[in-house]
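A look at the structure
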Amino acid sequence: MSAVMISRKVRKWEKLPGKNTFCCDGRVMMARQKGVFYLTLFLIIGTCALFFGFECPYLAVHLSAAIPVFAAVLFLFVMAMLLRTSFSDPGVLPRALPEEATFIEMEIEAANGNVPSGQRPPPRIRNIEINNQIVKLKYCYTCKIFRPPRASHCSICDNCVDRFDHHCPWVGNCVGKRNYRYFYLFTLSLSLLTIYIFTFDIVHVVMRSVEDGFLSALKETPGTYPFFFFVLVCFFTLWSVVGLTGFHTYLISLNQTTNEDIKGSWSGKNRVQNPYSHKNIFKNCCEVLCGPAYPRYGPRRCVLPQIFHVQKTTAPLIPNEHTPDDAKASIGVSAEQSCSPEDLPPSFIPPLASPETDAEASVAKDNSH
Amino acid sequence: MAAWFHSLQEMQRSASLVMKVFVQRDYSEGTVCCFQTKFPPELDNRIERNLLEETVKTLNSYYLEAEKIGGQSYLEGCLACATAYVIFFCMETRYEKVLRKITSYIQDQNEKIYAPRGLLITDPIERGMRVLEISVFEDRGSGSSSPSSCASSTVASAR
């Protein structure tokens, strides 16, 4: 019996801390709980399918063919914004590597001085000045960093997110710096789509009532029971989504996040004012909606330094012409983007290493430092 | 990227990491990415002040250019919105273009100025734009090497 060393490409996203799920080889990033997101998809697609199936043929013939065309364009825009919000990285801040964490700890200890035993050490806060306003930066014990201004830790995803707004279960992801504008456009376009469908539902029933009378119109309308269910869905969605859009429009005009609004960070108590606001509604809106498309922090799909997997087989240890290529263990910089060696997490252990070959596994780990 | 990685490997093969110095963010102007130009005392005898200051100021100007909200960003935003942001799959955003410039600038600075002095700057994007990390290496090529460092260099050269 001998051991064969097989190298496997491990991408950085597979070893990221936090409670996210990744799809499409790290291109899609979402929260773990996706149930409500599937419900959102079902409600939007279901309502629109019924509208296109039952209402549009009548409206296209009796009113205008532009009605279903515009509805289709609006539906596609809503879906694009929803998927963009749900699948993109909201602005997750990478956790501090050990050296940085130690450096910060040393700075904190130096700042606190000697704390008498039995006494609780003071809270870890760093005060900075932004536009003549004192802002407190809190220390995150999970990520081991002082959170940048406007960042917050999401307990559901277990990540610090830059310009954290809120965690939205309806989109199955956090809403932060990178995807806030997509979230806002999603709620805005969904409000328009809901109003549009609701309006033309009513128009359809009214037109048929004018022709045949109200009760017979209801009997003739195909799919009457699903029709009523989805009119009801539209009605309740209308109030909640339109309300949400209005709330976020208000937040954007003041350049505030939901998180800051809930905590009352800039409520005006103690003459505290929002240091991020440009004091001009137009400028605030432009910054949030027309600002640059921020990049992801740190590559996610780069290949981590290759590790040795050890499997016991009857194949010879020394590679010869009969050994498959992937069993010939080699570390090299592949054509794909490679992560730097320190990106390998310190607790990373090759999953298939057997006890007697831990020496090889530890050699591979040393290679990466 | 691969060439930069090779020179980093060479540095790590022949030198041992002494410590890392972190240049913090300067938030006085807001949340725009800007690093402090204050010179870290740990680098006093490793590099001239004006060189590091020049690097940090250039990086700050690049980030300012990337995050500028003006005509070009409005145009990009409106065009992208009109195409439901599908256009971002086909074209590179202005920010990404500037980030590529920053990466090549850092690589250039590392090769010409920092590596000869046993230092290495890490691209801030890899640290979430929180800090500018400067790795300080001790060059063991000319000095005597300890047994533990010999073992790790043998292992490193086996790559």
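Residues numbered from 1 in each chain as written. Chains lettered and ligands numbered in written order. Predicted model: local features only at pLDDT ≥ 70, side-chain atom pairs only at ≥ 80, totals over all residues. Heavy atoms only, no water.

Let us look at the overall build of chain B. Counting secondary structure elements, chain B contains five helices and three strands. Each helix and strand of chain B, ordered N terminal to C terminal, gives the series α-β-α-α-α-β-β-α. Sorting the 159 residues of chain B into buried and exposed places 47% on the buried side. Taking the intrachain contacts of chain B between residues at least 6 apart in sequence as the baseline, contacts between residues at least 24 apart amount to 62%. Accessible surface for chain B amounts to roughly 7,900 Å². Of this, 55% is attributable to carbon and sulfur atoms. (Helix = DSSP H or I, 4+ residues; strand = E, 2+ residues; numbered from the N terminus. Buried < 20%, exposed > 50% of the residue type's maximum accessible area, 1.4 Å probe, protein only. Contact = heavy atoms within 4.5 Å. Areas by Shrake-Rupley, 256 points an atom, 1.4 Å probe, with all protein chains shown as cover.)

Moving on, we come to the packing of helix H1 (residues 35-62) of chain A against helix H4 (residues 180-212) of chain A. Residue and element names in this part refer to chain A. Packing of H1 against H4 brings their axes to within 10 Å, and their N-to-C directions diverge by 40°. Our classification of the angle between H1 and H4 gives oblique. The way H1 lies across H4 gives a crossing that is left-handed. Where H1 abuts H4, its residues Thr-40, Ile-44, Thr-47, Cys-48, Phe-51, Phe-54, Glu-55, Tyr-58, Leu-59 and His-62 lie against Phe-186, Leu-190, Leu-193, Tyr-196, Ile-197, Phe-200, Asp-201, Val-203, His-204, Met-207, Arg-208 and Glu-211. (Axes fitted to C-alpha atoms, helices over the stretch in contact; angles between N-to-C directions. Parallel < 35°, antiparallel > 145°, perpendicular 65-115°, else oblique. Left-handed = near helix turned anticlockwise from the far one by under 90°.)

Glancing now at the environment of Trp-239 of chain A. Checked against the element boundaries, Trp-239 of chain A lands in helix H6 (residues 224-254). For the pair formed by Trp-239 of chain A and Ile-195 of chain A, sequence separation is 44 residues and the distance between their alpha carbons is 9.9 Å.

For the rest of this paragraph, the subject is the nonpolar core. Residues Ile-44, Phe-51, Met-81, Leu-82, Phe-186 and Tyr-196 of chain A together with Tyr-85 of chain B are the most contacted members of the largest nonpolar core, which totals 44 residues. Going through the elements one at a time, strand S3 (28-31), H1, helix H2 (66-87), H4 and H6 of chain A are the ones with two or more residues in this core. Sorting elements by how many residues they give to this core places H4 of chain A first, with twelve residues. Dropping the residues within four chain positions of it, Leu-82 of chain A is found in contact with Phe-37, Thr-40, Leu-41, Ile-44, Val-171 and Phe-186 of chain A. (Core = buried A, V, L, I, M, F, W, Y, C linked by side-chain atoms within 4.5 Å.)

All names here are of chain A. As for its position among the elements, Tyr-38 is in helix H1. Judged by relative accessible area, which is 48%, Tyr-38 ranks as partly exposed. In this structure, the C-alpha to C-alpha distance between Tyr-38 and Gly-172, residues 134 residues apart in sequence, is 8.7 Å.

To continue, consider the side chain of Arg-150 of chain A. Looking at the secondary structure, you find Arg-150 of chain A in the loop between strand S7 (145-146) and strand S8 (152-154). Reaching out from Arg-150 of chain A, the side chain makes a polar contact with the backbone oxygen of Asn-255 of chain A at a distance of 2.7 Å. Among all residues touching Arg-150 of chain A, those that are not within four sequence positions of it are Val-161, Asp-162, Arg-163, Phe-164, Asn-255, Gln-256, Thr-257, Glu-260 and Tyr-276 of chain A together with Thr-31 of chain B. (Polar contact = N/O pair within 3.5 Å; in protein donor to acceptor, adjacent residues only side chain to side chain.)

Turning our eyes to something else, we now look at a nonpolar patch on the surface. Together, Val-36, Leu-39, Phe-42 and Trp-170 of chain A make up a nonpolar patch on the protein surface, roughly 390 Å² of accessible area in all. Position of Phe-42 of chain A among the secondary structure elements: in helix H1. (Patch = residues over 30% accessible without salt bridge, like charges linked within 9 Å, V, L, I, M, F, W, Y side chains within 5 Å. Salt bridge = Lys/Arg side-chain N within 4 Å of Asp/Glu carboxyl O.)

Mapped onto the secondary structure, Thr-187 of chain A falls in helix H4. Not counting residues up to four positions away in its chain, the partners in contact with Thr-187 of chain A are Val-241, Leu-244 and Thr-245 of chain A.

All right, on to the UniProt feature "transmembrane region" (unreviewed entry) in chain A then. Residue and element names in this part refer to chain A. Per the UniProt entry, the sites bearing "transmembrane region" (unreviewed entry) are residues 36-54, 60-83, 182-207 and 227-247 in this numbering. The span residues 60-83 shows a helical share of 88% and a strand share of 0%, and its end C-alpha atoms are spaced 29 Å apart. Helix makes up 100% of residues 182-207 and strand 0%, whereas the separation of the span's terminal C-alpha atoms amounts to 36 Å. (UniProt positions renumbered as here; feature names shortened; annotations may be inferred.)

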